[in-house]
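If you want the building blocks of each chain, they are given just below.
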Amino acid sequence: MSILAALAAAIWLGLVTSISPCPLATNIAATSFLARRLESQRRGVLAVLAYAVGRAVAYAAIGIVVAWGLAAAPATSMLLQRFLQPFIGPLLVLVAFVLLGWIPLRLDFGPAKPGSVEGLTRYGLAGAFLLGVLFAVTFCPISAALFFGSLLPLAVSSPTQLPLFVAYGLATAVPVALVALLILLGASGGANVLGGLERWQGRVQAATAWVILGVGVYLTLSGTLKVI
């Protein structure tokens, strides 16, 4: 896969992650709270941007540690190239099943706690950045499935990893940052955009799941079972 195609896939996965119920709720709560707490529109805009950068940095750090750690030693890299390929197809099939709700996955881990927003907003832009990091590393089923099950195999098989993780992280903040900025600037369309995201998230997630399922089935038949 070319780097441009990989970047496009990473951005799309990030957008799908951002409008999934759990990340959407945490993003909206955090950015709207920050917008209300800061004393000016300019600092509010900077806070939303700092929050988005925090998410990108967190995902990039996790992804690079895992991806580069797996490929650090030449022997490990050779083993990955030899043995990982047959498992990518079945893994994508499982991810699609999770996104479609066919496999219930009870997963909720990370450092975010109910009082996290209130505590970090006292630190201004640094707090906004840390809040982005905090909510990025607090995984729930959909975000974990998309990041570890789809983005990570994509990055491992790509010639470069860092741009993919950064693009994914920024994309996870794009729709909700737009809503927060609209609310911050007093635009009445903010609530309508939020409602549209909530209405469409199920369809977008399902469409993405079917695409991932199709790719997973193809890779399973061609790379794992070698029947086509």
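Cut-offs and rules
- Residues numbered from 1 in each chain as written.
- Predicted model: local features only at pLDDT ≥ 70, side-chain atom pairs only at ≥ 80, totals over all residues.
- Heavy atoms only, no water.
- Helix = DSSP H or I, 4+ residues; strand = E, 2+ residues; numbered from the N terminus.
- Contact = heavy atoms within 4.5 Å.
- Areas by Shrake-Rupley, 256 points an atom, 1.4 Å probe, with all protein chains shown as cover.
- Core = buried A, V, L, I, M, F, W, Y, C linked by side-chain atoms within 4.5 Å.
- Buried < 20%, exposed > 50% of the residue type's maximum accessible area, 1.4 Å probe, protein only.
- Phe/Tyr/Trp six-rings, centres within 6.5 Å; stacked < 30°, edge-to-face > 60°.
- pLDDT = per-residue confidence, 0-100.
- Patch = residues over 30% accessible without salt bridge, like charges linked within 9 Å, V, L, I, M, F, W, Y side chains within 5 Å.
- Salt bridge = Lys/Arg side-chain N within 4 Å of Asp/Glu carboxyl O.
- Axes fitted to C-alpha atoms, helices over the stretch in contact; angles between N-to-C directions.
- Parallel < 35°, antiparallel > 145°, perpendicular 65-115°, else oblique.
- Nonpolar A, V, L, I, M, F, W, Y, C, P; charged D, E, K, R; others polar.

Draft legend 1. Region of the structure containing the overall build of the chain. When its secondary structure is counted, the chain shows 10 helices and zero strands. Along the chain direction, N to C, the helices and strands of the chain fall in the order α-α-α-α-α-α-α-α-α-α. In the chain, once contacts between residues fewer than 6 apart in sequence are set aside, the share between residues at least 24 apart is 79%. For the chain, the computed accessible surface area is about 11300 Å², with 72% contributed by carbon and sulfur atoms.

Draft legend 2. Region of the structure containing the nonpolar core. Formed by 33 residues in total, the largest nonpolar core has its most connected members in Leu99, Leu146, Phe147, Leu151, Phe165, Tyr168 and Ile212. For this core, the secondary structure elements donating two or more residues are α1 (3–18), α3 (41–70), α5 (85–100), α8 (141–156), α9 (162–184) and α10 (189–224). Sorting elements by how many residues they give to this core places α8 first, with nine residues. Excluding residues that lie within four positions of it along the chain, Leu151 makes contacts with Ala10, Leu13, Leu146, Leu164, Phe165 and Tyr168. One finds Tyr51, Leu131, Leu134 and Phe135 within the second-largest nonpolar core, a separate group that totals five residues.

Draft legend 3. Focus on the packing of aromatic side chains. Tallying each qualifying case throughout the model produces seven aromatic pairs. Taking 5.4 Å as the distance between ring centres and 35° as the angle between the ring planes, the aromatic pair formed by Tyr59 and Phe147 counts as tilted. Residue Tyr59 is located in helix α3, and its partner Phe147 is located in helix α8; the two are separated by 88 residues in the primary sequence. Relative accessible area serves as the criterion here: at 0%, Phe147 is assigned to the buried category. Seen in terms of ring centroids, Tyr59 and Tyr168 are 5.0 Å apart; in terms of plane orientation they differ by 85°. Their pairing is edge-to-face. In this pair, Tyr59 sits in helix α3 while Tyr168 sits in helix α9, placing the two residues 109 residues apart along the sequence.

Draft legend 4. Region of interest: the confidence of the model for the chain. Taken residue by residue, the chain gives an average pLDDT of 74. The fraction at 70 or more is 68%. Mean pLDDT across the elements of the chain ranges from a minimum in helix α4 (residues 74–83), with 54, to a maximum in α1, with 89. The model gives residues 107–111 a pLDDT under 50, and that stretch makes 16 contacts with residues more than four places away or in other chains.

Draft legend 5. Molecular detail of a nonpolar patch on the surface. Together, Leu94, Trp102, Ile103 and Trp210 make up a nonpolar patch on the protein surface, roughly 430 Å² of accessible area in all. With respect to the helices and strands, Ile103 occurs in the loop between α5 and α6 (116–120).

Draft legend 6. Broad picture of the packing of α1 against α8. Where α1 contacts α8, the two axes come as close as 10 Å, and the packing angle between them is 175°. It follows from the interaxial angle that α1 and α8 lie roughly antiparallel. Residues Ala6, Ala9, Ala10, Leu13, Val16 and Thr17 of α1 pack against Ser143, Leu146, Ser150, Leu151 and Leu154 of α8. Looking at the contact of α1 with α8 residue by residue, the class counts come to eight nonpolar, three polar and no charged.

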